[in-house]
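# Chain and residue survey
Here is what each chain is made of, one letter per residue.
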Amino acid sequence: MTCIKLIFSRRPRLKVGRLLGAALTSRRCLHDEQVTRESSALPIIHHSKYVCDLPLNHRFPMGKFPRVLHFLIKDQVITEKQVWVPEIASKELLSCVHTEEYLNNFINGKINEQEQRRTGFPWSEGIVRRCRYETGGTVLAAEVALQRGLACSTAGGTHHAFPSFGSGFCLLNDLAVAAKYLMGISSHKRKILIVDLDVHQGDGTAFIFKEEPSVFTFSVHCGKNFPLRKQQSDLDISVEDGMEDKEYLSTVETHLPLLLETFRPDLVLYDAGVDPHWEDELGRLRLTDQGLYQRDLYVMKTVVSRGVPIAAVIGGGYSRDIDRLALRHSILHRAATQVWRDCGM
Amino acid sequence: MAERGEDFNDVLDDWFIESLKTYKDLHVYQLEHPTQVIEWTSGKTVCVAGYSSSKNEILELQLPLKLFADENKGLCAERDFKVVHGGFTDGPVRCLRHVPGTRCVVTNDGLTSDLQVWTVGGDDSDVIRRTGSVAGRKRRRTDSEGGSRIAARCSTQVLHGAQSDDIQLTHLTSGQILYTPEITSSDPLSSLQFVSDDVFLAGCCNGNIYLTDTRTSASPQLSPAPASPGESVLWWTDAAAGVSSGSVVRLSSSGRAVISDLRNLGAAVSQAQLSVQSRRCNPDDVTVSWAPALPGCIAVSGFSGVVQIYNTSVWGVELQEVQPLFGHRGHAVSSLPEEGDVFITSHAWHPERPRTLLSAASDGSVHVWDWVDQSASDR
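These numbers come from a predicted model, not from an experiment.

## Structural notes on the confidence of the model for chain B
Residue and element names in this part refer to chain B. The predicted model of chain B has a mean per-residue pLDDT of 90, with 93% of residues at 70 or higher. For chain B, helix H3 (residues 374-377) is the element with the lowest average pLDDT, namely 62, and strand S23 (residues 297-301) is the one with the highest, namely 98. Interface scoring of the predicted complex returns ipTM 0.85; its pTM is 0.87.

Structural data, given as structure tokens:
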């Protein structure tokens, strides 16, 4: 195991902030020693605590997170040595996006029933913990992407969470926390482009960064899907029910290069939700496996070939067949592996 | 106005998230005009029809195939209702019955006691066309009465009547009257149904029930309404055909439900006061029906925009208030606020799937839903 991984996984009380500094230091000293093949392969961010118990027959496919990793390893797309383990997101880190009151209630189980209902989750200590690890994972993916150019989490994409409440299976907004954190606070802020291709609009993220010029929110979503009450991203593309591979890809190709050209981000956060797939139980589009793969390949290659780092999260996907869904989510990591190879990373 | 629209979208979003937990399946469809009838024509298709005063559409809808793809829901993308056959009527459709073993349905417009016979599709046609009629006995009708009730047990005969003294069993094609029960009182009917090949039950709006055996010439057995002192109420009746076979429910417009056994209709096995808002009802408004595949359960609709499911097997002999096992609020929640209160116009259980129902409301919405048994998912 490399020095960097030791730091990330063996000091549980260290906040992510300090880790970033530590990582940079170690990197400098590691640079010459870094020869092992595994450590130079595509970074995959995963934590066993991305999951928690849910009531029997709960609609959220919690089991998918470990299965994504399982299939990637089983199919020899990656090895365990590529896996980076995140820290739990501290309250301090989360407070850069979420309100103090919400975080206190959330962490201490004081979310009332009405608010819980809108999230789709009954409150539990387990759900709090897994959301915090998931957010930590997205933040780590962003940090590693800044170092290595590309990184993927096996979770993430909780874009319906607002500063003071959760919604639609999202309790903390991981993309917003990662963007806010990596944006920095100096006068020369990093510019972050959030590309959200989940079939549902990234309403929470859009709201959070509405007035923030350093973060550009771009969402392609199906108009008729949840949420019906839409927020305003910096660029919203609302598509019709039933859109298929060709037209969808064309839509992304129309906008992404131009955004990269005009906004010139220092980092891209990519929500690669698989719910535009025709088999998705909630999404109303008709993409195929091939369409998703082409989409992910296109997004990551376009960004990487411009020298911009990109961190990807798996986003949404809904199916009662967990394995089938996990395989679908793993398309992202397979495409990322291809990009890593093609771009000589 | 835009703000109000956003609030409504918010309500719909809340409902969507809640429905993910409450239902195994939920699919919605919007008819141009509301229907008062829902009748299965096969395991996957239903007939609906409008009830406005002049021309109406009569449609055969195929349910979203995704509903039936139990083991492989992900593999079936078909999540929409489809209109497979359609036609036009000259008047309202107040009652609609499928004739078993045929592609025919029979309707009544509530204006006379005559029936219209329709053939659905055939020869690659997607049309529902009028192919016959059946004359009823009495022509005279008043507005306060519901129309004819219709029942069909076999492919060649239809049982129908608007009042207890004009019930007849008629040969479908020849129009020949095969049987009329010896009943002299003229009570408007709220239901007519076969309980076996030869025995049928006629439920009257005043709560009387006539049990008739077509094999005998003896007068039908009359079972009077449960005593309801001081109240002027309407009654609806349903006799169970599936797992609760032998049970009969009588429901009053004040929300009182009485359960009896078919062999002893005079005695109440159990009863309960349902949690419904009593309202001024017409005979066509309320539907009560036994679940074909869920023991002891009944569905009740028409008092509001909610379809309620009750488990009668936990009721006692003493009249007590009971709470529903489940309430489908989808129509009420998703109706536009400016359209006023929405009411359920009809509901129907799926003949085999235990918790699958169809419901239609006054705003033209049609839902098919399969609710989650909460007691089974408690940990």
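## Quick look at helix H5 (residues 100-108) of chain A
All names here are of chain A. Of the residues making up H5, those classed as buried are Tyr-102, Leu-103 and Phe-106. For H5, the angular spread of buried residues about the axis comes to 95 degrees, placing them on one side. Where H5 is buried, its residues meet helix H4 (91-94) and helix H7 (125-148). One or two positions beyond H5, positive phi appears at Gly-109, with a value near 75 degrees.

## Topic: the UniProt feature "domain: Histone deacetylase" (unreviewed entry) in chain A
This chain's UniProt record puts "domain: Histone deacetylase" (unreviewed entry) on residues 58-322 of chain A. Across residues 58-322 of chain A one finds 40% helix and 12% strand; the C-alpha atoms that close the span lie 12 Å apart.

## Observations regarding the sheet that holds strand S11 (residues 157-161) of chain B
All names here are of chain B. Within the open sheet, the four strands sit side by side as S10-S11-S12-S13. Their pairing is antiparallel. Taken across any chain shown, the strands that pair with only one partner, and hence form the sheet edges, are strand S10 (149-151) and strand S13 (177-179). Neighbour-to-neighbour, the strand axes of this sheet turn through a mean angle of 35 degrees, independent of strand direction. Where S11 meets strand S12 (residues 168-171), four bridges bridge the pair, whose relative direction is antiparallel. Residue His-160 lies in a different strand from S12, and its bridge partner there is Gln-168.

## A word on the interface of chain B and chain A
Taken together, the contacts link 26 residues of chain B with 25 residues of chain A. Around 2300 Å² of area is buried between chain B and chain A when both sides are counted, 52% of it from carbon and sulfur atoms. On the chain B side of the contact with chain A, Ile17(B), Leu20(B) and Arg79(B) bury the most area, a combined 25% of that side's loss. The interface formed by chain B and chain A holds four salt bridges in total. With a closest N to O distance of 3.7 Å, Arg229(A) and Glu6(B) form a salt bridge. Applying the counting criterion to the chain B and chain A interface returns six residue pairs in polar contact (both at pLDDT 80 or more). Mapped by element, the contributors of at least two residues to the side of chain B that touches chain A are helix H1 (2-22), strand S1 (23-30) and H3 of chain B. Split by residue class, the side of chain B that touches chain A holds eight nonpolar, three polar and 15 charged.

Rules used in this analysis
- Residues numbered from 1 in each chain as written.
- Chains lettered and ligands numbered in written order.
- Predicted model: local features only at pLDDT ≥ 70, side-chain atom pairs only at ≥ 80, totals over all residues.
- Heavy atoms only, no water.
- pLDDT = per-residue confidence, 0-100.
- Helix = DSSP H or I, 4+ residues; strand = E, 2+ residues; numbered from the N terminus.
- Buried < 20%, exposed > 50% of the residue type's maximum accessible area, 1.4 Å probe, protein only.
- Arc of directions from axis to C-beta.
- Contact = heavy atoms within 4.5 Å.
- UniProt positions renumbered as here; feature names shortened; annotations may be inferred.
- Pairing = 2+ DSSP bridges.
- Axes fitted to C-alpha atoms, helices over the stretch in contact; angles between N-to-C directions.
- Buried area = accessible area lost by both parts, 1.4 Å probe.
- Salt bridge = Lys/Arg side-chain N within 4 Å of Asp/Glu carboxyl O.
- Polar contact = N/O pair within 3.5 Å; in protein donor to acceptor, adjacent residues only side chain to side chain.
- Nonpolar A, V, L, I, M, F, W, Y, C, P; charged D, E, K, R; others polar.

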